[in-house]
Amino acid sequence: MSPLSKCPGPFTPADLPLDEEGRIYHLKVAPEEVAPDILVVGDPGRAEMIGETFLTDVEVEREHRGLVTVTGTSEISDERATVIGPVRTTVTTSGMGTPSLEIVLNELVAATEIDLKTRTRKARWPRLHVIRVGTSGALQSSTRLGTPIITSYGIGTDNTGLFYDAPYPDETSRRLEAELAELVDGAMDEGARFRGTIRPYVGRAAPELVRALKDAADMLQVQTKVGLTVSCSGFFAPQGRDVGRLPLSLPEADRLFAEFDPRVEGQRCENMEMEASFLLHFLNGLGHRAGAICTTIAQRRTDAFDTDYQQSVRNATRVALLALAIARAREAQGS
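Residues numbered from 1 in each chain as written. Predicted model: local features only at pLDDT ≥ 70, side-chain atom pairs only at ≥ 80, totals over all residues. Heavy atoms only, no water.

## Thoughts on the pattern of salt bridges
Enumeration over the complete set of coordinates arrives at 25 salt bridges. For Glu171, the salt bridge is made with Arg174, and the minimal N-O distance between the two is 3.4 Å. Of this pair, Glu171 and Arg174 both sit in helix 3 (residues 171-187), separated by three residues, roughly a single helical turn. Here the salt bridges do not stand alone but share partners, grouping Asp37, Arg127, Glu208, Arg289, Arg328 and Glu331 into one network. (Salt bridge = Lys/Arg side-chain N within 4 Å of Asp/Glu carboxyl O. Helix = DSSP H or I, 4+ residues; strand = E, 2+ residues; numbered from the N terminus.)

Dropping the structure here:
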């Protein structure tokens with residue numbers, strides 16, 4: 001990949017902290033311990049589960065500050081699918097929300113793009129393929145609990161992405177941002193203190209990963225839906241859950257986005273979670289490839305919650321791992 005940054009370094013210890021062994025600080029991993037094919041999960045226990053269940057020849061198992069990182073080899077197929085070949089894969093923890101994810105993604109990119117010994121950016125580096133495997137709340141009444149949602153566009157109602165001036169990925173994103181700003185303002189009271197300050201940003205999932213996820217799901221016979229994902233800065237009020245004693249700035253946010261028609265190939269806003277928006281905005285803006293597949297464990301229209309969702313998450317994980325293999329094989333073939 002060609003570098004996009006105007007900051008070649010050297011980067012100071014304050015800007016890019018390393019530990020006493022020269023590893024990236026929060027994840028405590030060295031560059032050679034990070035594979036270019038990566039799964040990002042919110043729960044450290046899920047990272048451990050994926051490492052134990054799906055990875056062989058494990059090279060690295062590291063935990064620091066609640067962030068678990070495992071690197072090994074995955075090989076996913078089914079009876080009908082030709083094995084596409086083992087893929088060296090890293091699974092790491094994002095934590096909950098875009099602020100934590102911002103740290104993790106920057107460190108993964110730094111470990112890939114920066115020579116940590118000289119603290120300068122390399123002339124070239126491999127393109128990362130990163131897929132978030134998460135859980136989410138379904139926004140459409142037609143979605144059954146346990147259905148994995150493949151994200152086409154991410155709508156960020158958090159503000160983490162606003163600190164990175166990535167270009168619009170396409171004209172659809174530009175249009176959606178303008179329409180969503182009007183939608184949100186119109187849903188807030190005229191005298192609301194923060195009216196006019198919640199400005200959703202829109203990122204696009206890498207089309208290559210969306211296609212690979214859809215194909216992997218078909219091969220593994222996992223029923224999925226494709227649609228827009230709304231990412232929020234928290235779990236309760238930002239997602240329209242009114243359980244506190246303060247009034248909500250944006251009442252019934254879940255219903256607001258569920259009823260919005262994005263006019264994107266017949267798709268709807270399918271789910272709400274807390275990370276996909278920044279993942280897509282940041283990584284795809286850098287020229288890496290990012291996507292997301294999130295199992296629905298809450299049904300916001302019927303007020304249902306699935307406490308037994310682990311098998312659904314395992315199914316989504318298998319889809320994501322096979323998608324990484326498919327996407328990497330296609331990239332190598334130039335298709």
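Having seen the model, we can carry on.
## So, the state of the cysteines
Using the criterion set out here, one finds zero disulfides in the structure. Left unpaired, Cys232 is separated from the closest cysteine sulfur, that of Cys269, by 11 Å. Assessed through its relative accessible area of 0%, Cys269 is described here as buried. (Disulfide = S-S within 2.5 Å. Buried < 20%, exposed > 50% of the residue type's maximum accessible area, 1.4 Å probe, protein only.)

## Things to note about helix 4 (residues 207-220)
Residues that lie three or four places apart on an α-helix share one face, since the helix turns once every 3.6 residues. Taking 1.5 Å as the rise per residue, helix 4 with 14 residues should run 20 Å; its terminal C-alpha atoms sit 20 Å apart, in good agreement. All buried positions along helix 4 are accounted for by Leu209, Val210, Ala212, Leu213, Ala216, Ala217 and Leu220. Looking straight down helix 4, one finds its buried side chains confined to an arc of 165°; they lie on one side. Those residues of helix 4 that are buried lie in contact with strand 7 (129-138), strand 8 (148-156), strand 12 (289-299) and helix 7 (310-333). At the exit of helix 4 stands Gln221, carrying a positive phi of roughly 55°. (Expected span 1.5 Å × (residues − 1). Arc of directions from axis to C-beta. Contact = heavy atoms within 4.5 Å.)

## Details of the packing of aromatic side chains
Summed over all chains, the structure comprises four aromatic pairs. Ring geometry for Phe235 versus Phe236: centroids 4.9 Å apart, planes at 80°, classification edge-to-face. One aromatic cluster in this structure is built from Tyr164, Phe278 and Phe282. In this structure, Arg241 packs its charged tip against the face of Phe235, placed 3.8 Å from the ring centre. (Phe/Tyr/Trp six-rings, centres within 6.5 Å; stacked < 30°, edge-to-face > 60°. Lys NZ or Arg CZ within 6 Å of the ring centre and 35° of its normal.)

## Some points on helix 7
With 24 residues, helix 7 extends 35 Å between its outermost C-alpha atoms, agreeing within 8% with the 34 Å of an ideal straight helix rising 1.5 Å per residue. Where helix 7 ends, the next residue or the one after it, Gly334, has phi of about 75°, a positive value.

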